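# Overview (structure and organization)
What follows is each chain in one-letter form.
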Amino acid sequence: MRRPLMILLLAGLFSNAALALDDIVTVKLEALNNSGQNGSATLSPEGNKTRVVIEIPNAPAGVAQPAHIHLGRCDKLDKAPKWNLEAVKGGRSVTVVPVSLDTILKDKTAINIHKSAAEAQIYVSCGNIIGVM
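Numbers given to residues run from 1 along each chain, matching the order in which its sequence is written. In keeping with the predicted nature of the model, local features appear solely for residues at pLDDT of at least 70, side-chain atom pairs appear and are counted solely at 80 or more, and the whole-chain, interface and lining totals rest on all residues. Excluded from the side-chain calculations are hydrogens and water; all other atoms, namely the structure's heavy atoms, are used.

### Examining the overall build of the chain
Each helix corresponds to a stretch of at least 4 residues labelled H or I by DSSP, and each strand to a stretch of at least 2 residues labelled E; elements are numbered beginning at the N terminus. Along its length, the chain carries two helices and eight strands. Of the regular secondary structure in the chain, the N- to C-terminal order runs α-β-β-β-β-β-β-α-β-β. Taken over 133 residues, the chain has a buried fraction of 35%. Note on contacts: a residue pair qualifies if any of its non-hydrogen atoms lie within 4.5 Å across the two residues. Contacts in the chain between residues at least 24 apart in sequence constitute 56% of all its contacts with a sequence separation of at least 6. Only the protein chains shown count as cover for residues, and the accessible areas themselves come from Shrake-Rupley with a 1.4 Å probe. Carbon and sulfur atoms make up 58% of the accessible area of the chain, which totals about 8,200 Å². Residue burial is assigned from relative accessible area. The probe radius is 1.4 Å, only protein chains are included, and a residue is buried under 20% of its type maximum, exposed over 50%, and partly exposed in between.

Take a look at the structure:
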(Lines give C-alpha, C1' and ligand atoms only; values in the text may rest on other atoms or scores of the structure.)
Protein backbone atom coordinates (compact mmCIF):
# COMPACT_ATOMS: atom_id res chain seq x y z
CA MET A 1 0.00 0.00 0.00
CA ARG A 2 2.86 2.40 0.77
CA ARG A 3 4.62 1.84 -2.55
CA PRO A 4 1.68 2.89 -4.82
CA LEU A 5 1.12 5.96 -2.65
CA MET A 6 4.79 6.94 -2.92
CA ILE A 7 4.69 6.49 -6.71
CA LEU A 8 1.63 8.73 -6.97
CA LEU A 9 3.25 11.40 -4.80
CA LEU A 10 6.44 11.36 -6.88
CA ALA A 11 4.44 11.48 -10.11
CA GLY A 12 2.63 14.55 -8.80
CA LEU A 13 5.90 16.28 -7.97
CA PHE A 14 7.35 15.65 -11.41
CA SER A 15 4.19 16.69 -13.22
CA ASN A 16 4.25 20.04 -11.39
CA ALA A 17 7.83 20.59 -12.49
CA ALA A 18 6.80 20.00 -16.08
CA LEU A 19 3.93 22.45 -15.74
CA ALA A 20 6.30 25.09 -14.39
CA LEU A 21 8.25 24.97 -17.68
CA ASP A 22 5.08 25.95 -19.52
CA ASP A 23 5.02 29.21 -17.53
CA ILE A 24 8.11 30.54 -19.31
CA VAL A 25 7.31 33.14 -21.96
CA THR A 26 9.70 33.60 -24.88
CA VAL A 27 9.73 36.89 -26.76
CA LYS A 28 11.21 37.25 -30.24
CA LEU A 29 13.15 40.52 -30.43
CA GLU A 30 13.09 42.04 -33.92
CA ALA A 31 15.77 44.43 -35.18
CA LEU A 32 14.70 48.04 -35.71
CA ASN A 33 16.27 50.93 -37.60
CA ASN A 34 18.61 48.68 -39.61
CA SER A 35 20.42 47.68 -36.41
CA GLY A 36 20.59 43.97 -37.25
CA GLN A 37 20.00 43.29 -33.55
CA ASN A 38 17.61 40.34 -33.52
CA GLY A 39 17.44 38.22 -30.40
CA SER A 40 15.15 36.82 -27.76
CA ALA A 41 14.03 37.34 -24.21
CA THR A 42 12.70 34.80 -21.74
CA LEU A 43 10.42 35.72 -18.88
CA SER A 44 10.30 33.20 -16.04
CA PRO A 45 8.12 33.44 -12.93
CA GLU A 46 9.90 33.57 -9.58
CA GLY A 47 7.04 33.77 -7.10
CA ASN A 48 5.74 37.34 -7.18
CA LYS A 49 8.72 38.44 -9.32
CA THR A 50 9.78 37.75 -12.90
CA ARG A 51 13.26 36.98 -14.23
CA VAL A 52 13.86 38.56 -17.65
CA VAL A 53 16.86 37.32 -19.66
CA ILE A 54 17.65 39.12 -22.91
CA GLU A 55 20.01 37.60 -25.49
CA ILE A 56 21.12 39.61 -28.54
CA PRO A 57 24.01 37.74 -30.14
CA ASN A 58 25.09 40.56 -32.45
CA ALA A 59 24.88 43.47 -30.01
CA PRO A 60 27.78 45.94 -30.26
CA ALA A 61 30.72 45.29 -27.95
CA GLY A 62 31.44 47.81 -25.22
CA VAL A 63 28.05 49.56 -25.42
CA ALA A 64 25.47 49.47 -22.64
CA GLN A 65 22.06 49.48 -24.30
CA PRO A 66 19.15 50.52 -22.07
CA ALA A 67 16.24 48.07 -22.00
CA HIS A 68 12.71 48.39 -20.65
CA ILE A 69 9.28 46.84 -20.59
CA HIS A 70 6.79 49.34 -22.01
CA LEU A 71 3.01 49.34 -22.16
CA GLY A 72 1.74 48.93 -25.71
CA ARG A 73 3.08 47.00 -28.67
CA CYS A 74 6.23 47.57 -30.69
CA ASP A 75 4.32 49.47 -33.35
CA LYS A 76 2.82 51.82 -30.72
CA LEU A 77 4.77 51.95 -27.44
CA ASP A 78 4.00 54.16 -24.50
CA LYS A 79 7.22 56.19 -24.40
CA ALA A 80 7.47 55.98 -20.59
CA PRO A 81 8.98 52.66 -19.46
CA LYS A 82 6.75 50.60 -17.19
CA TRP A 83 9.63 48.52 -15.76
CA ASN A 84 13.35 49.14 -16.16
CA LEU A 85 15.59 46.25 -17.15
CA GLU A 86 19.34 45.95 -16.80
CA ALA A 87 21.11 47.38 -19.83
CA VAL A 88 22.16 44.89 -22.49
CA LYS A 89 25.96 44.51 -22.25
CA GLY A 90 27.89 42.10 -24.39
CA GLY A 91 24.61 40.88 -25.85
CA ARG A 92 23.02 39.88 -22.54
CA SER A 93 20.88 41.31 -19.77
CA VAL A 94 19.42 39.63 -16.67
CA THR A 95 16.88 41.41 -14.47
CA VAL A 96 14.47 40.33 -11.77
CA VAL A 97 11.41 42.56 -12.16
CA PRO A 98 9.51 43.15 -8.88
CA VAL A 99 6.14 42.02 -10.29
CA SER A 100 4.65 38.66 -11.22
CA LEU A 101 4.62 37.36 -14.77
CA ASP A 102 0.80 37.47 -14.62
CA THR A 103 1.00 41.22 -13.90
CA ILE A 104 3.23 41.74 -16.95
CA LEU A 105 0.95 39.64 -19.15
CA LYS A 106 -2.34 41.26 -18.08
CA ASP A 107 -1.67 44.34 -20.26
CA LYS A 108 -0.25 44.65 -23.74
CA THR A 109 3.48 45.05 -23.12
CA ALA A 110 6.72 44.92 -25.09
CA ILE A 111 10.45 44.77 -24.44
CA ASN A 112 12.34 47.61 -26.08
CA ILE A 113 16.12 48.02 -26.46
CA HIS A 114 17.73 51.42 -27.12
CA LYS A 115 20.93 52.11 -29.08
CA SER A 116 22.70 53.64 -26.04
CA ALA A 117 22.00 55.94 -23.12
CA ALA A 118 23.14 58.91 -25.23
CA GLU A 119 20.95 57.82 -28.15
CA ALA A 120 17.94 56.50 -26.24
CA GLN A 121 15.56 57.89 -28.86
CA ILE A 122 16.87 55.28 -31.34
CA TYR A 123 15.28 51.86 -30.85
CA VAL A 124 17.41 48.91 -32.02
CA SER A 125 15.21 45.96 -31.05
CA CYS A 126 11.68 45.29 -29.83
CA GLY A 127 9.45 42.32 -29.06
CA ASN A 128 5.83 42.03 -27.99
CA ILE A 129 5.25 40.06 -24.79
CA ILE A 130 2.45 37.61 -25.46
CA GLY A 131 1.49 34.90 -23.00
CA VAL A 132 0.10 31.52 -23.96
CA MET A 133 -3.65 31.38 -23.41
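### As for the confidence of the model for the chain
Here pLDDT means the predictor's own confidence in every residue, given as a number from 0 to 100. Counting all residues, the mean pLDDT for the chain is 86, and 82% of those residues have values of 70 or more. A low-confidence stretch, residues 4-21 stays under pLDDT 50, and its non-local contacts, those more than four residues away or across chains, total zero contacts.

### Quick look at the sheet that holds strand E8 (residues 123-129)
Strand pairing within a sheet occurs via backbone hydrogen bonds; the two strands may be parallel or antiparallel. Any two strands with at least two DSSP-identified bridges between them are counted as paired. Spatially, eight strands are ordered E5-E4-E7-E8-E1-E2-E3-E6 in an open sheet, and the strand pairing comes out antiparallel. Only two strands of the sheet have a single partner each, and these edge strands are strand E5 (76-88) and strand E6 (92-97). Averaged over all pairs of adjacent strands, the angle between strand axes in this sheet comes to 25°, irrespective of strand direction. Here strand E2 (residues 39-46) pairs with strand E3 (residues 49-55) via seven bridges, running antiparallel. Its bridge partner being in E3, Ser44 is matched across the sheet by Arg51. In this analysis an axis means a line fitted to C-alpha atoms, helices contributing only their contacting stretch, and an angle means the value between N-to-C directions, from 0 to 180 degrees.

### A look at the state of the cysteines
Here, two cysteine sulfur atoms that lie within 2.5 Å of each other are counted as a disulfide. Summed over the entire model, instances satisfying the criterion amount to one disulfide. The side chain of Cys74 participates in a disulfide bridge whose partner is Cys126; the two sulfur atoms lie 2.2 Å from each other. For the disulfide bridge between Cys74 and Cys126, the dihedral angle about the S-S bond is near -90°, and by the sign convention the bridge is left-handed. Of this pair, Cys74 sits in the loop between strand E4 (65-73) and E5 while Cys126 is found in strand E8, placing the two residues 52 residues apart along the sequence.

### Concerning the environment of His70
Considering the arrangement of structural elements, one finds His70 in strand E4. On the basis of relative accessible area, His70 is assigned to the buried category, the value being 1%. Sequence separation of His70 and Asn128 is 58 residues, and the distance between their C-alpha atoms is 9.5 Å. Contacts of His70, omitting those with residues within four sequence positions, involve Leu77, Asp78, Lys79, Ala80, Pro81, Lys82, Lys108, Thr109, Ala110, Asn112 and His114. We define a polar contact as two N or O atoms separated by no more than 3.5 Å, with the added condition that, inside protein, one atom must be a possible hydrogen donor and the other a possible acceptor, whereas residues neighbouring each other in sequence contribute only through side-chain atom pairs. A distance of 2.8 Å separates a polar atom in the side chain of His70 from the backbone oxygen of Asp78.

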